[in-house]
Amino acid sequence: MKLYCLSGHPTLPCNVLKFKSTTIMLDCGLDMTSTLNFLPLPLVQSPRLSNLPGWSLKDGNAFLDKELKECSGHVFVDSVPEFCLPETELIDLSTVDVILISNYHCMMALPYITEHTGFTGTVYATEPTVQIGRLLMEELVNFIERVPKAQSASLWKNKDIQRLLPSPLKDAVEVSTWRRCYTMQEVNSALSKIQLVGYSQKIELFGAVQVTPLSSGYALGSSNWIIQSHYEKVSYVSGSSLLTTHPQPMDQASLKNSDVLVLTGLTQIPTANPDGMVGEFCSNLALTVRNGGNVLVPCYPSGVIYDLLECLYQYIDSAGLSNIPFYFISPVANSSLEFSQIFAEWLCHNKQTKVYLPEPPFPHAELIQTNKLKHYPSLHGDFSSDFRQPCVVFTGHPSLRFGDVVHFMELWGKSSLNTVIFTEPDFSYLEALAPYQPLAMKCIYCPIDTRLNFIQVSKLLKEVQPLHVVCPEQYTQPPPAQSHRMDLMIDCQPPAMSYRRAEVLALPFKRRYEKIEIMPEPPPRPTQPTGGKKRKRASDDIPDCKVLKPLLSGSIPVEQFVQALEKHGFSDIKVEDTAKGHIVLLQEAETLIQIEEDSTHIICDNDEMLRVRLRDLVLKFLQKF
Amino acid sequence: MTSGLPVPSQVGHAGISSLIMDPECSQLLPALCSVLADPRQPVADDTCLEKLLDWFKTITEAGSSLLLLQENPCLLGLLCHVLKPQDLSPRVLSFSLRLAGMLAAQEDCFQYLQQGELLPRLFGEAGPLGGAAWTAPSVRSGWIQGLRSLARHPSALCFLADCGAVDTIFSLQGDSSLFVASAAGQLLVHILGLSLQGPAEGHPGLQTGDWPVCAQKIVSHIEESLRSAATPQITQALNVLTTTFGHCHDPWTQVLWGRLSPLVACLLEKDPVPAAHSLVDLLLSVARSPVLSSSSSGLWETLAQTLSHLSPTQAGPLALGILKLQECPQVLRAQAFAVLLQPLTCVLEATAQAPGLLDSLDGTGGASVTVDTLLPSKAACVGLLCRTLAHLELLQPLPQRPSPWPQAPLLGATVTILRLCSGSATPTSDAGGHLCAFLVGCVRVQRAALDFLGTLSQGTGPRELVTQVFAVLLEYLTSPDSSPTVLKKAFQATFRWLQSSPETPGCSDLDPHAHLFLRELLPVLPKRLCSPCWEVRDSGLEFLTQMIGRWGGQAGFRRALLASEVPELTEQLLRDPESYVRASAVAAMGQLSSQGLRVTPASPEHPGGQQKSLLAELLHILSTDSEGFPRRAVMHVFTQWLRDGHADVAGDTERFVARVLQVASQDLDWEVRAQGLELALVFLEQTLGRPSSHCPYAVTPPVAAPPSSLAQALRPLCRVQLFEFAFRALFDCDRPVAQKSCDLLLFLRAQTASYGGPQGSGSVPEVASVEAALQRWQAGDQGQPLGYLEPEVVVAVLRSMDLEGLRGALAESSDRVEKSPQSLLQDVLATVGALGEDEADCY
């Protein structure tokens, strides 16, 4: 059993598990931090951005000045933003049988995998994951496609040239594999390969493995997965939360008795308590608006925004902000707000009960009704006529490289009355802000990450007691900036096995038992596919059976068998009856023959000749096919 | 029922009896006894039985129990009746045992009951002791308490010995009911004391061998328990001794301790030391006893030995106890202090603090304990640190605290703990790493450490440490992760430290250091005032109010505050949805306004024009707020404003007072009405030309020369309708308001008297109509207002009223009628009667 690690990002995992005879991809997260190296894509022409000076080497050579621009001491690629894909070379991705998706943030690389690698398998995910994942992809494609950029920079990626560039471009990994965003067509095609599943639903894979999604408590429809055979169990824990927010609570009990627990997607900000951060968010928002400033919240169109709107719903009256407009701008804003209200069965108990009243589970419905929250697909159109300040704007993308947020950064960045509040933990806020420097607006960093922290993990591991834990290497040591914080790492016994990008891990499994079924009828011979691509299988899983061994059936009559043994010179034979059959004991030869309804075992002490003789005797009583 | 008992003589007691029990009660008593004796009429509520016992106790303490029995034979009847085999409730049985004990406390009554063999039948083997009723803990408890009351005289001791009660008490020490077990221990102590009162008193040299049999028996039992291998028995013995030495300082205790101390010392040789908590209690009790501590030679050695044998957790309370002792050898004090400081030494060690700090904390100079042994688990570590900090906090203000007090290392350790809790400390060793992992985010330790840090502000510290203190406080005040309770403590500690920071010579402003801190703190405050958590907003406002109260007059602070958003935000919080926050905002705004720190109403950001004046805003809160707290806060602010001569008030004081009193009189909250009277009193004092007695240094509005005539003096009071308010309050349904009003009117009457002259001659019909109206008010009909009263009428009414009588009536508790024994008896009977009626209804 092996684990192929295709992504080094602990919260955007992409691993392939070879288990029994199946190849299972666990999540396919897309690392979008690569976009931070690019210049923002403004919705409207930005004189500031278009007039940035080109970058030249120390010796004055300016051959890269079309591709690289300099802004406040940082160098950016002036091109369509590109993403860092999971490893595609480590394993032949066409052999992947299934892809299990744990939450909508961890499926953003799906079109790259399903559309460009020869993948022919099935993707499993819950309905909210698919629907909201679609929204995220749609938003991403929309953000990028609506600002077409003629220029495409590739010169800088040349390894010899990259060496000469300043950090962080110099240190960017595998830039040659960075890809542009997929198209809507690819998204649709990828999503069509998804099969919807529900929590605790058991899905059989080729009769060898059963996979089951469990509620993980992190986001609408987010799941952990149990992958088990008859005698082995692997738990895949990705993006889970024990906090009481909107999703259904995490199912911990089903994770018990795992042989291996793969643990990914812990909180990215283990030192920040989400409650404190929400408080900080609200206070800063109120302070800015009271002083007549605007608040910009770069965010994803789904997830934490639901909780933030709920907090603000309770807070705005107390803070005297009832007259302040809240705008949510995203091509998928409307769908996101509406979808959240219809997935009642995926919500926490409190919200579920509201549905029966009947009331909308999320209070943002009321905010919309009372015109306190307004949503728009883009800042063009209705928004420009409704827009009034001071206000609070929620919009994407949190990387500040594309989407409507770019416009607001340009618009509001010059006034110290305004504030940008970062709540999404995926991007370093300082790097995100770099191309907007110098910036007068206030910047507040309140990352809200509800995923498990290390204390919760330690309790979880004590509770479910897996035999082995496998996790990204980042979790096995304290964060580099806080090397003394021994509490900020996974502490378990035996120590967790760690992986990094492009590594293959042999999982510590002891296979003790194997269940096989013997059918009385011979199975139909598999017909060779006549055309198309033959699916490759790794040879270590199923030996390529060129000569098919015959199948056996029938039962062994004990008395006749004993007589046959005596005929062949075995003496001192004893027969014992057991619950399931008989044990024939050859005392002299110190050998046992255990005959049961569905199995026969010959147990002899390292005497292969004897075993073969006895086997042949047994076979005489059985029919072959 | 009384067969077997001699009929007592009644001659000569008739006169006294009436003092003991009033005839109404005597009449009700037989019915009560028969109800109690009847198993078919259960007493629903046993608190009434407790009240009955309290009543009997007062009676027996005031007079002769024998006489009580003679005058009320039903009592004896009840006691005899409960002995009959029947299905009597354990409550009544327990009640009877306690009553019997109470009666037998007087020796003549004891003898009388003994004659009828009643006591052995109640308390001996033949009584409930052997029966099924004994399984009820209340019966066992009643038995013990009965004996406890009975054991007052030598005859009782003989009785106890004869009926074998002492052995039963021994066994009850381990009773499953903790109340019974504890009472049994205390009874043993009592019997021991009683038996030694006579013979051993005054003879400290007397050996225990010469002691009465009963005492010897108890002492042997204690010895046996101390030698036992079972911890519960040792605990029982130690508890008995602790109580004995705690309550009795007779010379015989010295003999007893002399005999038992070797056994107690033996306990220390066991590992682990059994019943450590009880042992600590005993040793401290011995050390506190003036007889024992002065004489016993080995005591200090035993204490020293105990300190070194017990685990740090167990030794903490002992160390604290030792340090609190008035007289104690210096060496032992040093050892105790070292034990107390051990956990903090550990913290400093684990974070590799400057060695100077460590030396001064580690007073013993002995082997320092490592973090691992001292702090084995998170729970132990947190518990020990919290206790240590709490102990040190208790010790800090005591005059007998260790000297020199290691202020600097303690500050260093506390700051380090706080930094470990916030994750900002960098431990240099593995042990430090563990400690850090234990403490990060631990709210309990944070609270304890901040409390102690606040206490440490009483002393001084090296400049760099004080800088660290302010830095760590700022860290807590800024951190979004600080929980509301931690934040509150951080605010409190900050205020204490700012208060203690030295003032700049020559100017009463904050020192530059504190100023620097304030400059960093003020930007934090607005964020806290905007917090979604109301507790945070509330503690932010409380802090602000304290700060303005202390430094509101100082230029540097004023500048910094006015430059911040704080004043404006505070005003907005007057409309907070949480009433506590509104109340705190009212107090803060009151202070801001008093100090002239309120932002000018018309600002460019409020183009709406004229903002409401604060006075109007507060009056609005007073008349409309649905919760009491903000209204009370407004009244406090108004009273303070009036006292200080606030500009808004001084302009037209009469109009202000009239308006406030009018609103306050209609308030449903009695505290608001009472505060209204306080405000009235201030106005009264100011009007009559006397500076307020409450605040002699307050600035009072310039008062012209005292008004020449009484009428002239009272006219302003009449104009603001102060009397209508006060008279209304006089008949308030809430007693404190009525009392306060009564006091105010009495004060006023005294004041008017000082003007002399018979000026209270208002026209008679007017006075009569006012008096009639007041009578209606007293009767509960307060609908009709009095209208404007002439000063003469007021004086006449005041003089005609029996204010002293009213004050006397108000001073009596309102439940005095309900508390009377007669009412109690009636209640019991009525309850039972009602039960009976219900039964009848069922048929």
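Here the residue numbering is sequential within each chain, running from 1 through the sequence in written order. Ligands are numbered from 1 and chains lettered from A, in the order in which they are written. At least 70 in pLDDT is required for a residue's local features to be given in this predicted model, at least 80 for side-chain atom pairs to be given and counted, and no such filter applies to totals for whole chains, interfaces and linings, which use all residues. Working from all heavy atoms in the structure, the side-chain values ignore hydrogens and water.

**Quick look at the overall build of chain B**
Next up, step 1: Secondary structure counts use DSSP, requiring at least four H or I residues in a row for a helix and at least two E residues in a row for a strand, with both numbered from the N terminus. Scanning chain B from N- to C-terminus turns up 47 helices and zero strands.
Next up, step 2: Only protein chains enter the accessibility calculation, which uses a 1.4 Å probe. A residue is then buried if its area is under 20% of the maximum for its type, exposed if over 50%, and partly exposed in between. Burial analysis of chain B (843 residues in total) assigns 52% to the buried set.
Next up, step 3: In chain B, once contacts between residues fewer than 6 apart in sequence are set aside, the share between residues at least 24 apart is 73%.
Next up, step 4: In these tables, accessible area is a Shrake-Rupley quantity obtained with a 1.4 Å probe, and a residue counts as shielded only by the protein chains included in the view. Carbon and sulfur atoms make up 55% of the accessible area of chain B, which amounts to about 36200 Å² in all. Here, residues are in contact when the closest pair of their heavy atoms is within 4.5 Å.

**Overview of the overall build of chain A**
Next up, step 1: Regarding its fold elements, chain A presents 16 helices and 28 strands.
Next up, step 2: Taken over 625 residues, chain A has a buried fraction of 54%.
Next up, step 3: For chain A, the share of sequence-separated contacts (at least 6 apart) that also reach a separation of at least 24 residues comes to 72%.
Next up, step 4: Summed over its atoms, the accessible surface of chain A is roughly 28500 Å², and 51% of this surface lies on carbon and sulfur atoms.
Next up, step 5: For chain A, the separation between the mean place of its 55 positive charges and that of its 67 negative charges on side chains is 3 Å. We treat Lys and Arg as the positive residues and Asp and Glu as the negative residues; His and chain ends play no part in the count. To locate a charge, take atom NZ for lysine, CZ for arginine, CG for aspartate or CD for glutamate.

**Topic: the packing of aromatic side chains**
Residue and element names in this part refer to chain A.
Next up, step 1: Stacked, tilted and edge-to-face are the three classes applied to pairs of Phe, Tyr and Trp rings, where Trp contributes its six-membered ring and a pair requires centres within 6.5 Å; stacked means planes under 30 degrees apart, edge-to-face means over 60, and tilted covers the rest. Summed over the entire model, instances satisfying the criterion amount to 34 aromatic pairs over all chains.
Next up, step 2: Where Phe 383 meets Phe 408, the ring centres are 5.9 Å apart and the plane angle is 75°; that geometry is what we call edge-to-face. With Phe 383 in helix α11 (residues 382-386) and Phe 408 in helix α12 (residues 405-412), the pair connects residues that are 25 residues apart, well separated along the chain. Like Phe 408, Phe 383 is buried.
Next up, step 3: The rings of Tyr 327, Tyr 376, Phe 383, Phe 387, Phe 408 and Trp 412 are connected pair by pair, giving a single aromatic cluster.
Next up, step 4: In this structure, Lys 351 is placed above the aromatic ring of Phe 362, and the distance from its NZ or CZ to the ring centre is 4.9 Å. Over a ring means this: the NZ of a Lys or the CZ of an Arg is within 6 Å of the ring centre and within 35 degrees of the ring normal.

**Quick word on the interface of chain A and chain B**
Next up, step 1: Every contact between the two is made by 21 residues of chain A and, on the other side, 22 residues of chain B.
Next up, step 2: Each partner contributes to the roughly 1800 Å² buried at the junction of chain A and chain B, and carbon and sulfur atoms together form 56% of this total.
Next up, step 3: Buried area, as used here, totals the accessible surface that two parts lose on assembly, with accessibility defined by a 1.4 Å probe and the loss added over both. When the buried surface of chain A facing chain B is broken down by residue, A:Leu287, A:Arg290 and A:His484 rank first, second and third, together holding 33% of it.
Next up, step 4: A carboxyl oxygen of Asp or Glu within 4 Å of a side-chain nitrogen of Lys or Arg is what we treat as a salt bridge. Inspection of the region where chain A meets chain B yields one salt bridge.
Next up, step 5: The partner of A:Glu280 in a salt bridge is B:Lys527, and the shortest N-O contact between them spans 2.7 Å.

**As for unusual backbone geometry**
Next up, step 1: For the bond from A:Gly396 to A:His397, the omega torsion is 5°, close enough to zero to count as cis.
Next up, step 2: In this structure, A:His397 sits in the loop between β17 (392-395) and α12.
Next up, step 3: B:Pro272 follows B:Asp271 through a cis peptide bond whose omega is 0°.
Next up, step 4: Within the secondary structure, B:Pro272 sits in the loop between α15 (251-267) and α16 (276-288).
Next up, step 5: Non-glycine residue A:Asp27 carries a positive phi angle of around 65°.
Next up, step 6: By the secondary structure assignment, A:Asp27 is in the loop between β3 (22-26) and α1 (47-50).

**Re the environment of A:Glu82**
Residue and element names in this part refer to chain A.
Next up, step 1: As for its position among the elements, Glu 82 is in the loop between β5 (74-77) and β6 (98-100).
Next up, step 2: Taking the C-alpha atoms as reference, Glu 82 lies 5.0 Å from Arg 179; in sequence the two are 97 residues apart.
Next up, step 3: Once residues within four sequence positions are removed from consideration, Glu 82 is found in contact with Ser 34, Thr 35, Phe 38, Lys 157, Trp 178, Arg 179 and Arg 180.
Next up, step 4: Whenever a nitrogen or oxygen atom comes within 3.5 Å of another N or O atom, the pair is scored as a polar contact, on the condition that within protein one atom can donate a hydrogen and the other can accept it, and that pairs from neighbouring residues in sequence are kept only if both atoms are in side chains. At a separation of 2.6 Å, a polar atom in the side chain of Glu 82 contacts the side chain of Lys 157.

**Quick look at the UniProt feature "domain: Beta-Casp" (unreviewed entry) in chain A**
Next up, step 1: UniProt positions are given in the numbering used here, feature names are shortened, and annotations may be inferred rather than shown by experiment. In this structure's numbering, the residues bearing the UniProt feature "domain: Beta-Casp" (unreviewed entry) are residues 305-433 of chain A.
Next up, step 2: The straight-line gap between the two end C-alpha atoms of residues 305-433 of chain A is 21 Å; of that span, 43% is helix and 12% is strand.

**Structural notes on the sheet that holds strand β2 (residues 15-19) of chain A**
Residues and elements named next belong to chain A.
Next up, step 1: Between any two strands, at least two bridges found by DSSP are needed for them to pair. The sheet built from seven strands is open, its strands ordered β8-β7-β6-β3-β2-β1-β22 with mixed pairing. The sheet terminates laterally at β8 (194-197) and β22 (503-506), the two strands that pair on one side only. In this sheet, neighbouring strand axes are inclined to one another by 25° on average, regardless of whether the strands run parallel or antiparallel.
Next up, step 2: Pairing of strand β1 (residues 2-5) with β2, which is carried by four bridges, proceeds in the antiparallel orientation. Within β2, the residue paired with Cys 5 across the bridge is Asn 15.
Next up, step 3: For helices, the fitted axis covers only the stretch in contact; all axes are lines through C-alpha atoms, and the angles between them, taken along N-to-C directions, range from 0 to 180 degrees. The strands touched by helix α3 (residues 127-145) within the sheet are β7 (122-126) and β8, with β7 carrying the most contacts at an inclination of about 100°.

**Brief notes about helix α13 (residues 213-227) of chain B**
All names here are of chain B.
Next up, step 1: An ideal rise of 1.5 Å per residue puts 21 Å on 15 residues; α13 measures up with 21 Å between its terminal C-alpha atoms.
Next up, step 2: Within the span of α13, buried status applies to Cys 214, Ala 215, Ile 218, Val 219, His 221, Ile 222, Glu 223, Ser 225 and Leu 226.
Next up, step 3: In this structure, the buried side of α13 is in contact with α10 (154-163), α11 (165-172), α12 (178-197), α14 (231-247) and α15. By definition here, a helix of n residues has an expected span of 1.5 Å times n minus one.

**As for the environment of A:Leu488**
Residues and elements named next belong to chain A.
Next up, step 1: By the secondary structure assignment, Leu 488 is in the loop between β20 (468-472) and β21 (497-499).
Next up, step 2: On the basis of relative accessibility, which here comes to 5%, the residue Leu 488 falls in the buried class.
Next up, step 3: For the pair Leu 488 and Leu 357, spaced 131 residues apart in sequence, the C-alpha to C-alpha distance is 43 Å.
Next up, step 4: If we ignore the near neighbours within four places in the chain, the residues touching Leu 488 are Pro 270, Thr 271, Phe 454, Gln 477, Pro 478, Pro 479 and Gln 482.

**Observations concerning α12(B)**
Residues spaced three or four apart along an α-helix face the same direction, because each turn holds 3.6 residues.
Next up, step 1: Compared with an ideal rise of 1.5 Å per residue, which puts 20 residues at 28 Å, α12(B) spans 29 Å between its outermost C-alpha atoms and is within 8% of the ideal.
Next up, step 2: Of all the 20 residues making up α12(B), 15 are buried; the element is thus mostly covered by neighbouring parts of the structure.

**Looking at the pairing of strand β14 (residues 295-298) of chain A**
Residue and element names in this part refer to chain A.
Next up, step 1: Burial along β14 is two-sided: the face carrying Val 295 and Val 297 and the face carrying Leu 296 and Pro 298 are both buried.
Next up, step 2: Bridge count for β14 against β17 is four bridges, and the pairing is parallel. Its bridge partner lying in β17, Leu 296 is registered against Val 393.
Next up, step 3: Sheet topology places β14 next to strand β18 (residues 419-422); two bridges connect them, and they run parallel. Bridging across to β18, Leu 296 finds its partner in Val 420.

**Some details on the packing of helix α40 (residues 710-719) of chain B against helix α44 (residues 791-800) of chain B**
Residue and element names in this part refer to chain B.
Next up, step 1: The interhelical angle for the contact between α40 and α44, taken along N-to-C directions, is 95°, at an axis separation of 8 Å. Considered as vectors, α40 and α44 are oriented roughly perpendicular to each other. Here α40 contributes Leu 710, Ala 711, Leu 714, Arg 715 and Cys 718 to the contact with α44, which in turn contributes Pro 791, Glu 792, Val 794 and Val 795.
Next up, step 2: Grouping the constituent residues of the contact of α40 with α44 by class yields seven nonpolar, no polar and two charged. Roughly parallel means an angle under 35 degrees; roughly antiparallel means over 145; roughly perpendicular covers 65 to 115; every other angle is labelled oblique. Polarity classes work like this: nonpolar for Ala, Val, Leu, Ile, Met, Phe, Trp, Tyr, Cys and Pro, charged for Asp, Glu, Lys and Arg, and polar for all others, with Gly in that last group.

**Focus: the state of the cysteines**
Next up, step 1: The criterion for a disulfide is a pair of cysteine sulfur atoms lying within 2.5 Å. Under the counting rule described, the total for this entry stands at zero disulfides over all chains.
Next up, step 2: No disulfide involves A:Cys391; its nearest neighbouring cysteine sulfur is the one of A:Cys299, lying 14 Å away.

**Regarding the nonpolar core**
Next up, step 1: What makes a nonpolar core is a set of buried Ala, Val, Leu, Ile, Met, Phe, Trp, Tyr and Cys residues whose side-chain atoms join them at distances within 4.5 Å. If you look at the biggest cluster of nonpolar residues, it comprises 393 residues, and the most contacted ones within it are A:Phe394, B:Trp143, B:Leu226, B:Phe638 and B:Phe727.
Next up, step 2: Every residue in contact with B:Leu226, bar those within four places of it in the chain, is listed here: B:Ile234, B:Ala237, B:Leu238, B:Leu241, B:Leu260, B:Leu263, B:Val264 and B:Leu267.

**Some thoughts on the sheet that holds strand β27 (residues 600-603) of chain A**
Residues and elements named next belong to chain A.
Next up, step 1: If you walk across this open sheet you meet the four strands as β24-β25-β26-β27, and the pairing is antiparallel. Every other strand in the sheet has two partners, leaving β24 (573-577) and β27 as the edge strands with one partner each. Strand-to-strand, the axes of this sheet are offset by a mean angle of 15°, without reference to chain direction.
Next up, step 2: Two strands pair when backbone bridges link them, and strand β26 (residues 591-596) and β27 are joined in this way by four bridges, in the antiparallel orientation. The residue of β27 that forms the bridge with Gln 594 is His 601.
Next up, step 3: With respect to the sheet, helix α15 (residues 558-567) is in contact with β24, β25 (581-586) and β26, its orientation differing from that of β24 by roughly 165°.
Next up, step 4: Helix α16 (residues 608-620) contacts β25, β26 and β27 of the sheet and is inclined by roughly 155° relative to β27.

**What to know about the confidence of the model for chain B**
It should be kept in mind that the predicted coordinates are not to be read in detail where pLDDT is low.
Residues and elements named next belong to chain B.
Next up, step 1: Scored by pLDDT, chain B comes out at a mean of 83, with 85% of its residues at no less than 70.
Next up, step 2: One confidence number per residue, pLDDT, is output by the predictor and ranges from 0 to 100. Within chain B, no element has a lower average pLDDT than helix α1 (residues 14-20), which sits at 43, and none a higher one than helix α26 (residues 443-456), at 96.
Next up, step 3: Confidence over residues 602-610 falls short of pLDDT 50; this stretch has three contacts with residues more than four positions distant or in other chains.
Next up, step 4: Predicted complex metrics record ipTM = 0.73 and pTM = 0.79.

**Quick look at empty space enclosed by the protein**
All names here are of chain A.
Next up, step 1: The definitions used throughout rest on a 1 Å grid laid over the protein atoms alone, on which a cavity is an enclosed set of points accommodating a 1.4 Å probe that cannot get out and a pocket is an open set flanked by protein within 12 Å on both sides along at least five of seven lines; lining residues are those having an atom within 4 Å of a point. Grid points are joined across faces, edges and corners, and a volume is the space filled by probe spheres set on the points. Counted according to the given criterion, the structure contains seven cavities of 30 Å³ or more.
Next up, step 2: When its volume is computed, the largest cavity comes out at roughly 170 Å³.
Next up, step 3: Along its surface, the largest cavity is lined by 21 residues, and His 105, Tyr 218, Val 304, Glu 424 and Arg 451 are the ones closest to its centre.
Next up, step 4: Across the lining of the largest cavity, the residue classes tally to eight nonpolar, eight polar and five charged.
Next up, step 5: Each pocket or cavity is described by its volume, and for the second largest cavity that value is around 150 Å³.
Next up, step 6: Leu 30, Met 32, His 105, Tyr 300 and Asp 426 are the residues nearest the centre of the second largest cavity, which is lined by 16 residues in total.
Next up, step 7: Partitioned by chemical class, the residues of the lining of the second largest cavity number eight nonpolar, six polar and two charged.

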